[in-house]
Amino acid sequence: MMAPSRNSLFGFALALATACYANPAAAQATIGGTHSTAQMTASAKNLDPADWEPILLESATANDVPSPLPVDSRDVRLELVQLREALQSITPHQRALVNKWAGTNQGRVWRLVLDELTLHNLAAVPSSLRLYAALHIAIADAEVAARNRQRAYRRPHPGELDSGIHSLARSLSPYAYPSDLAAETGAAERILLFVRPEAAGQINALADESMRALESSGLYLKSDCEAGRQLGHLVAEEVLSVLARDRRPNQLVFAKEMPWEQPAAPETVRLGARYQLAHSEYDDSVKWTAPILRQGVTYGDLPPWNQAVPADPTAGSWQPLILESTDLFHAPPPPANSSAQTMHDMEEIVAALNNRTCYTDFISLKWANEQPGRWPAEIMDGLMSRYEWDAPTTARAEAILYAAMYDSLLTTWHEKFLYLRSRPALLEPDLPTVILTPKHPSYPAGHGTYVGAAVTVLQEFFPDERPEYEYLVPEVNNARVWAGVHFRDDMLAGNIIGEQVADAVMEKVHLDGSLGERSKRVLGQPLVTSAFFGDGGPKYH
């Protein structure tokens, strides 16, 4: 008997997703892992983080810091005296900063900083997720590198050296030098300087605030924090070296002129009118058309609200962070324009636009305006806090989440520019969409992809908490259809690619730090930043 074709297998999967994602209860069975939450957290604690396999570092021992001074040295005794005296006059403001920075999820603090820094200077979604993934991977690998070096040097925490020192926060690591939380700070600081070098003053000031808070916590001496920050910088340089070789152009050169522009859609709902389809059938020859190449014209690093140009059209050829390439998972050809399926999907869009409510508009705009990955990440933050995951596991989980979303999105961009499917507003030029139609191909949907990947990761890590996140896939699918910018099939195809890529990522990077398959992955190498990045990196505005 002949083996089923790839397209027939994908078609079956697409049909299954259609049924399951339409029913949130059924969706519980379509994505996910086999481990309970308790098993996952127990497994993650079985292996010492000092022995974990890094995500992008060559090894946990690839970077080092100078050996600490002996604990009975004059300099260390002086640091202990200064810390003891400082803790006796701690202020409420300092306590608040300790609570902010000396916790298990420092990555969330830095992600919010990245949100702020990129709010009005944000690249397209692939470029944006690239930055968030780099941030969280650098933080996770810095944590592992610091734990490894801590075990090598075994310097006790200040309270173990001086009984007069009582820390303001719970100890999160067995040793103090180099500070693992300071390493997370150093890694985040370096990545953000790459993203927005012109905001160096703000970024450095936040890193300095973190250092003062960690010193004020009583968990670390100043020398512990300085060494940790230095180690974080080194780890981030290796992560940046991967980005330097991922084939994303610093400046993307294409024409600004597009073959079509979406005209201002007429108002319907508030005028009491109803939109009527202009066609009973659509022409199969109508496709999204790539712009004409023109030297000297830059686009690609423009805000998403400037819709005169497509978003990161080369992203399908970039090197993923975890997978070997973007050509591993595929969607079958989308329905033809002239097909009954396309007409059915268009009628669904028109029905939604003719029956807009405050709720449907809210959901459409919620997903149109999010920083990519925001909602899944916030859910994961809450679940990790509820289950009291430690700092290494928390950092690694966030890194896996963003890596899965990013690699899945590159895979979908590969497929988008393979099929060049028309957007609904190209087939119906007067379609009264809720938001402006993105100027890149429709199929598969990017939002459906990275949310599908995120839910797959969440279900693997927290299979007993499905009500917390299972609504995300049907909600984002509805949001893009209700907004009039995607066909339903676009979303479902994206969901499946997201699930497939996330599963593949989690086979290569394990939450518990055990060895994954890294033979074909691009790993970090020592990099002289000034030689490659010049003033710090590409400008994302």
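Everything here concerns the structure above.
Cut-offs applied
- Residues numbered from 1 in each chain as written.
- Predicted model: local features only at pLDDT ≥ 70, side-chain atom pairs only at ≥ 80, totals over all residues.
- Heavy atoms only, no water.
- Helix = DSSP H or I, 4+ residues; strand = E, 2+ residues; numbered from the N terminus.
- Expected span 1.5 Å × (residues − 1).
- Buried < 20%, exposed > 50% of the residue type's maximum accessible area, 1.4 Å probe, protein only.
- Phe/Tyr/Trp six-rings, centres within 6.5 Å; stacked < 30°, edge-to-face > 60°.
- Lys NZ or Arg CZ within 6 Å of the ring centre and 35° of its normal.
- 1 Å grid on protein atoms, 1.4 Å probe; cavity = no way out; pocket = protein on both sides within 12 Å on 5 of 7 lines; lining within 4 Å.
- Points joined across faces, edges and corners; volume = space filled by probe spheres on them.
- Nonpolar A, V, L, I, M, F, W, Y, C, P; charged D, E, K, R; others polar.
- Polar contact = N/O pair within 3.5 Å; in protein donor to acceptor, adjacent residues only side chain to side chain.
- Contact = heavy atoms within 4.5 Å.
- Axes fitted to C-alpha atoms, helices over the stretch in contact; angles between N-to-C directions.
- Parallel < 35°, antiparallel > 145°, perpendicular 65-115°, else oblique.
- Left-handed = near helix turned anticlockwise from the far one by under 90°.
- Core = buried A, V, L, I, M, F, W, Y, C linked by side-chain atoms within 4.5 Å.
- Salt bridge = Lys/Arg side-chain N within 4 Å of Asp/Glu carboxyl O.

Brief notes about unusual backbone geometry
Cis rather than trans, the peptide bond between Y177 and P178 has omega equal to -10°. Note on placement: P178 falls in the loop between helix 8 (158-161) and helix 9 (180-195). A cis amide bond, omega -10°, links Y443 with the succeeding residue P444. Examined against the element boundaries, P444 turns out to sit in the loop between helix 16 (424-427) and helix 17 (446-461). In the Ramachandran plot, R154 falls in the positive-phi region, its phi being about 55° despite a non-glycine side chain. Mapped onto the elements, R154 comes out in the loop between helix 7 (125-153) and helix 8.

Notes on helix 7
Helical periodicity: at 3.6 residues per turn, an α-helix aligns residues three or four positions apart in one direction. Taking 1.5 Å of rise per residue, 29 residues should cover 42 Å, and helix 7 covers 42 Å from first to last C-alpha, within 8% of that figure. Within helix 7, 25 of the 29 residues are buried, which leaves the element mostly enclosed by the surrounding structure.

Things to note about the packing of aromatic side chains
One pass over the structure, following the stated rule, counts 9 aromatic pairs. Plain terms: the ring middles of W101 and W110 are 5.1 Å apart, the flat faces sit at 50° to each other, and that makes the pair tilted. Judged on exposure class, the residue W101 and its partner W110 are both buried. Look at Y132 and Y402: their rings are 5.8 Å apart centre to centre, the planes differ by 15°, and that puts the pair in the stacked class. In this pair, Y132 sits in helix 7 while Y402 sits in helix 15 (residues 391-419), placing the two residues 270 residues apart along the sequence. Judged by its relative accessible area of 1%, Y402 is buried. Among the aromatic side chains, those forming a connected cluster through ring pairs are Y387, W389, F461 and F462. Its end group placed over the ring of W413, K416 keeps NZ or CZ at 5.2 Å from the ring centre.

So, empty space enclosed by the protein
Inspection of the entire model under this criterion finds 2 cavities of 30 Å³ or more. Around the largest cavity, the lining residues are R108, R111, L112, D115, Y132, Q371, P372, R374, E378 and Y402. Of all the elements in the fold, those that place two or more residues in the lining of the largest cavity are helix 6 (106-118) and helix 14 (374-386). With 4 residues, helix 6 is the single largest residue contributor to the lining of the largest cavity. The residue makeup of the lining of the largest cavity, split by class, is 4 nonpolar, 1 polar and 5 charged.

Description of the environment of E428
Turning to its location among the elements, E428 is positioned in the loop between helix 16 and helix 17. A C-alpha to C-alpha distance of 9.0 Å links E428 and Y282, two positions 146 residues apart in sequence. Polar contacts involving the side chain of E428 include one to the side chain of Y282, which spans 2.7 Å.

Comments concerning the side chain of D490
Looking at the secondary structure, you find D490 in helix 20 (residues 488-508). There is a polar contact of 3.1 Å between the side chain of D490 and the side chain of H486. Sequence-distant contacts of D490, defined by excluding residues within four places in its chain, comprise R421, S442, Y443, P444 and A445.

Concerning the packing of helix 6 against helix 7
Contact geometry of helix 6 with helix 7 gives a least axis separation of 11 Å together with a crossing angle of 155°. Comparing the axis directions of helix 6 and helix 7 gives the class roughly antiparallel. By crossing handedness, the relation of helix 6 to helix 7 is classed as right-handed. Contacts between helix 6 and helix 7 pair G107, W110, R111, L114, D115 and T118 from the former with L131, Y132, L135, H136 and I139 from the latter. In terms of residue class, the contact of helix 6 with helix 7 is made up of 6 nonpolar, 3 polar and 2 charged.

Regarding the side chain of S173
Relative to the helices and strands, S173 is located in the loop between helix 8 and helix 9. Using a relative accessible area of 5% as the deciding quantity, one classes S173 as buried. Setting aside chain neighbours within four positions, we find S173 in contact with R147, Q150, H157, D180 and Y220.

Observations concerning the environment of L112
Relative to the elements of secondary structure, L112 occurs in helix 6. Judged by its relative accessible area of 39%, L112 falls in the partly exposed class. Sequence separation between L112 and R374 is 262 residues, and the spatial gap between their C-alpha atoms is 9.6 Å.

Topic: the nonpolar core
Counting residues in hydrophobic clusters, the biggest one holds 121 residues, and the most contacted among them are W110, L321, M380, V457, F461, F462 and L472. Sorting elements by how many residues they give to this core places helix 15 first, with 14 residues. Setting aside residues up to four positions removed in sequence, L321 forms contacts with L56, A133, I137, V242, L243, Y406, D407 and R521.

A closer look at the packing of helix 9 against helix 10 (residues 200-216)
The axes of two packed helices give the description: the angle between them and the distance between them. The N-to-C vectors of helix 9 and helix 10 enclose an angle of 180°; their axes lie 10 Å apart at closest approach. One element, helix 9, and the other, helix 10, form an angle in the roughly antiparallel class. Taken together, the residues of helix 10 that come into contact with helix 9 (itself represented by L181, A182, T185, E189, L192 and L193) are A200, I203, N204, A207, S210, M211 and L214. For the contact of helix 9 with helix 10, the per-class residue count stands at 9 nonpolar, 3 polar and 1 charged.

Quick word on the pattern of salt bridges
Throughout the structure, instances matching the rule amount to 26 salt bridges. Here D381 and R111 are joined by a salt bridge, their closest N and O atoms 2.4 Å apart. Taken together, the positions of D381 in helix 14 and R111 in helix 6 put the pair 270 residues apart, joining distant regions of the chain. Each member of the salt-bridge network shares a partner with another, and the members are R108, R111, D381 and E398.

Fair warning: the whole summary comes from geometry, so function is off the table for now.
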